[in-house]
Amino acid sequence: MKYVSLTLGVLSLSIAFATAASKKNDSNQLHVATNFFNTSDQVILPPDLAFGFENEFFDDHLILSWNIQSGYFLYRNKVSLSCGDNKIGLNLPTGTPWNDEVFGQVSILLEKIKVRAEITGKGSDCSISYQGCSLSGYCYPPQKLTLRSNNIKE
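Small disclaimer: the values here were computed from a predicted structure and weren't measured.

1. With respect to unusual backbone geometry
Apart from glycine, the bulk of residues carry a negative phi angle, and the bulk of peptide bonds sit in the trans form. Phi at glutamate 111 is positive, roughly 65°, even though this residue is not glycine. Note that glutamate 111 resides in the loop between strand S7 (104–109) and strand S8 (112–118).

Structure below.
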């Protein structure tokens, strides 16, 4: 009987330690999961703040500018401008080489960018599209904005 009590005691202690270790591992996993989904450590800016896009129409050209915040970038090949039915070529900076896990080897744009685009047809509506990410791994869906030319400057 003495051995049975001793065996049951050891077994109870083993189960208690195993349960405590399991709960500790579960709490570590929960902590990791909470940190993964918790954005309080890394605030993700809305795209208008992250990329700071502005435009200004003139009589025969359009100035496009981005003030990209630190920790964010634009994909160079995802920036495009259309006015009416015409796709307008942009003379974007070369950018920085980047090995993207989705798109492979690409060029990214950082910091401040200012581009002059030649446009024809006063008053034609233009649209700009671009896509970017944060360096922490959050990627935005493509942004598409309609630019109105009713405030043309000469």
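2. Description of the nonpolar core
With 26 residues, the main nonpolar core has Phe51, Leu64, Trp66, Leu81, Leu90, Ile128 and Leu147 as its most contacted residues. Where this core is concerned, the elements lending two or more residues are helix H2 (47–51), strand S1 (53–57), strand S2 (61–67), strand S3 (72–75), strand S4 (80–83), S8 and strand S9 (126–130). The residues contacting tryptophan 66, other than those within four sequence positions of it, are Phe51, Gly52, Phe53, Leu74, Val79, Glu111, Lys112, Ile113, Val115, Ile128 and Tyr130. Ranked by size, the runner-up nonpolar core spans five residues in total, among them Phe73, Tyr75, Ile108 and Cys133.

3. Some thoughts on the pairing of S4
For a regular strand, side chains alternate in direction, first toward one face of the sheet and then toward the other. As defined by bridge partners, S4 adjoins S9 across four bridges and the pair is classed as antiparallel. Across the sheet, leucine 81 pairs through a bridge with isoleucine 128, a residue of S9. Where S4 hands over to strand S5 (residues 86–88), the hairpin turn is made up of two residues, of which glycine 84 adopts a positive phi near 60°.

4. Some thoughts on the pairing of strand S6 (residues 96–100)
Of the pairings in the sheet, the one linking S6 to S7 comprises five bridges and is antiparallel in character. In the strand pairing of S7, tryptophan 98 is matched with valine 106. Linking S6 to S7, which pair antiparallel, is a turn of three residues.

5. Focus: the sheet that holds S8
With antiparallel pairing, three strands are arranged side by side in an open sheet as S1-S2-S8. Of all strands in the sheet, those bounded by a partner on one side alone are S1 and S8. This sheet shows a mean twist of 15° between the axes of neighbouring strands, independent of strand direction. The pairing of S1 with S2 spans five bridges and is classified as antiparallel. Within the sheet, the bridge partner assigned to phenylalanine 53 lies in S2 and is tryptophan 66.

6. Thoughts on the packing of aromatic side chains
A complete count under the given rule lists eleven aromatic pairs for this structure. Here the aromatic rings of tryptophan 66 and tyrosine 130 are separated by 5.9 Å at their centres, their planes lie at 85°, and the arrangement is edge-to-face. Of this pair, tryptophan 66 sits in strand S2 while tyrosine 130 sits in strand S9, and the two are 64 residues apart along the sequence. Plain terms: the ring middles of tyrosine 75 and phenylalanine 103 are 5.1 Å apart, the flat faces sit at 80° to each other, and that makes the pair edge-to-face. Placement of tyrosine 75 in strand S3 and of phenylalanine 103 in the loop between S6 and S7 is noted, with a sequence separation of 28 residues between them. Overall, tyrosine 75 belongs to the buried group, its relative accessible area being 1%. In this structure an aromatic cluster arises from ring pairing among Phe51, Phe53, Trp66, Tyr72, Tyr130, Tyr138 and Tyr140.

Calculation notes
Going along each chain's sequence as written, the residues are numbered from 1 onward. Local features in a predicted model are, by the rule used here, given only for residues with pLDDT of at least 70; side-chain atom pairs are given and counted only at 80 or more, and totals for whole chains, interfaces and linings are based on all residues. Side-chain descriptors were evaluated using all non-hydrogen atoms of the structure, hydrogens and water having been removed beforehand. Elements are defined by DSSP. Helices are runs of H or I of four residues or more, strands are runs of E of two residues or more, and each kind is numbered from the N terminus. Only buried residues count toward a nonpolar core, which is a set of Ala, Val, Leu, Ile, Met, Phe, Trp, Tyr and Cys residues joined through side-chain atoms within 4.5 Å. Exposure classes here rest on a 1.4 Å probe applied to the protein chains alone. A residue is buried below 20% of its type maximum, exposed above 50%, and partly exposed in between. The contact rule is simple, with two residues in contact once any of their heavy atoms fall within 4.5 Å. By this definition, two strands are paired if DSSP reports at least two bridges between them. Between N-to-C directions, angles cover 0 to 180 degrees, with each direction set by a line fitted to C-alpha atoms, over the stretch in contact for helices. The criterion for an aromatic pair is that two Phe, Tyr or Trp rings (for Trp, the six-membered ring) have centres within 6.5 Å, with stacked assigned to planes under 30 degrees apart, edge-to-face to planes over 60 apart and tilted to the rest.

Scope: geometric values only; no functional claims are made or implied.
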